[in-house]
Amino acid sequence: MKRISIAIDGLSASGKSTLAQGLAKALNYIYIDTGAMYRAVTLFALREKLIDHDGNLNVSGMVEALPRVYLTFRFNPGSGRSEICLSGRNVEKEIRSHEVSRHVSVVARVPEVREKLVLAQRRMGEVGGVVMDGRDIGTVVLPEAEVKFFMTADLEARGRRRFDELVRRGRSVSLEAVQANLLERDQIDSTRDHSPLLQAEDAIVIDNSNLSIEEQFDHMMGCVQQVLHA
Ligand code: DC
């Protein structure tokens, strides 16, 4: 059976990673969470004090420090997925904080940051047998991906999902703050000059505001099987 590349793009908290992980597991493919890479660079920037109290990024400092950003993925048999490491240390938990979510879009719009991460993502994707999720996978990172999905859901559903996830992790944050952050990130991610969030022309759109995970999985798996058996 041929091993293809599957690109999944979409809005923040649209359920991309849950479905991407599910598909990767079922197909025995590698799952690559590109959002985790942008989050890890943001964690680095926060630790290096490159972001001030008002949320402004020291862009030239960030670009200068970029060669010191060393990212890897390591498989965790406990969680059953690859987890991101910054300078060799697992930061999977730290990168999901509200603090990182608040600042990630300003880091992700720096062209030099994107160039570095896109290059690494292309290398990981070129072998096939991958499910990669993000904002620019079908358009910029893997434009040749055999299957592309674009996931979307209304703000209500996305806010509730992300809020429930943070509460499960023991974080105290209001639903309003989560929704405001999603709206703000969508706005910055969609309007930045350098590879904005865009739906690829050949992407299959999944609006999952009212779809269960099983329904989405079955639909997406059906699309993948069609390509695999074509
Ligand atoms: O998928 P996520 O919410 O974990 O992504 C975090 C941020 O990273 C998101 O606000 C936009 C950015 N991102 C990006 O610009 N390009 C990608 N391929 C993936 C994420």
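Our structure's up above, just so we're on the same page.
These figures come from a predicted structure and were not determined experimentally.

Caption draft 1: The site of the ligand, seen in detail. As a structural note, the neighbourhood of the ligand is formed by 16 residues, with Arg39, Arg114, Asp136, Arg185 and Arg192 the closest of them. Here the ligand, which alone exposes 450 Å², has 96% of that area covered by the protein. When contributions to the shell around the ligand are tallied by element, the ones reaching two or more residues are α2 (34–47), α4 (98–108) and α8 (175–191). Looking at the shell around the ligand, the element that brings in the most residues is α2, giving four residues. For the shell around the ligand, a count of residues per class yields four nonpolar, four polar and eight charged.

Caption draft 2: Local environment of the nonpolar core. Within the largest apolar cluster, 38 residues are counted, with the highest numbers of intra-cluster contacts made by Val41, Leu57, Met62, Leu71, Val107 and Val113. When contributions to this core are tallied by element, the ones reaching two or more residues are α2, α3 (59–65), β4 (81–86), α4, α5 (111–125), β6 (130–134) and α6 (137–141). Core analysis: the next-biggest nonpolar cluster, separate from the first, contains 20 residues, Ile8, Leu27, Val147 and Val224 among them.

Caption draft 3: Region of interest: the sheet that holds strand β8 (residues 204–207). Reading across the sheet, the five strands line up as β2-β6-β1-β7-β8 and stay open at both edges, with parallel pairing between neighbours. Edge strands, defined here as strands with exactly one partner in the open sheet, are β2 (30–33) and β8. The average undirected angle you get between the axes of adjacent strands in this sheet is 20 degrees. Bridge analysis of strand β1 (residues 5–10) against β6 gives five bridges, and the strand direction is parallel. Of the residues in β6, the one forming a bridge with Ala7 is Met132. Packed onto the sheet, helix α1 (residues 16–27) meets β1, β2, β6 and β7 (147–152) and runs at close to 175 degrees relative to β6. The sheet contacts of α5 involve β1, β2 and β6, and relative to β6 the element is tilted by about 155 degrees.

Conventions we followed
Residues numbered from 1 in each chain as written. Predicted model: local features only at pLDDT ≥ 70, side-chain atom pairs only at ≥ 80, totals over all residues. Heavy atoms only, no water. Near = heavy atom within 4 Å. Areas by Shrake-Rupley, 256 points an atom, 1.4 Å probe, with all protein chains shown as cover. Helix = DSSP H or I, 4+ residues; strand = E, 2+ residues; numbered from the N terminus. Nonpolar A, V, L, I, M, F, W, Y, C, P; charged D, E, K, R; others polar. Core = buried A, V, L, I, M, F, W, Y, C linked by side-chain atoms within 4.5 Å. Buried < 20%, exposed > 50% of the residue type's maximum accessible area, 1.4 Å probe, protein only. Pairing = 2+ DSSP bridges. Axes fitted to C-alpha atoms, helices over the stretch in contact; angles between N-to-C directions. Contact = heavy atoms within 4.5 Å.

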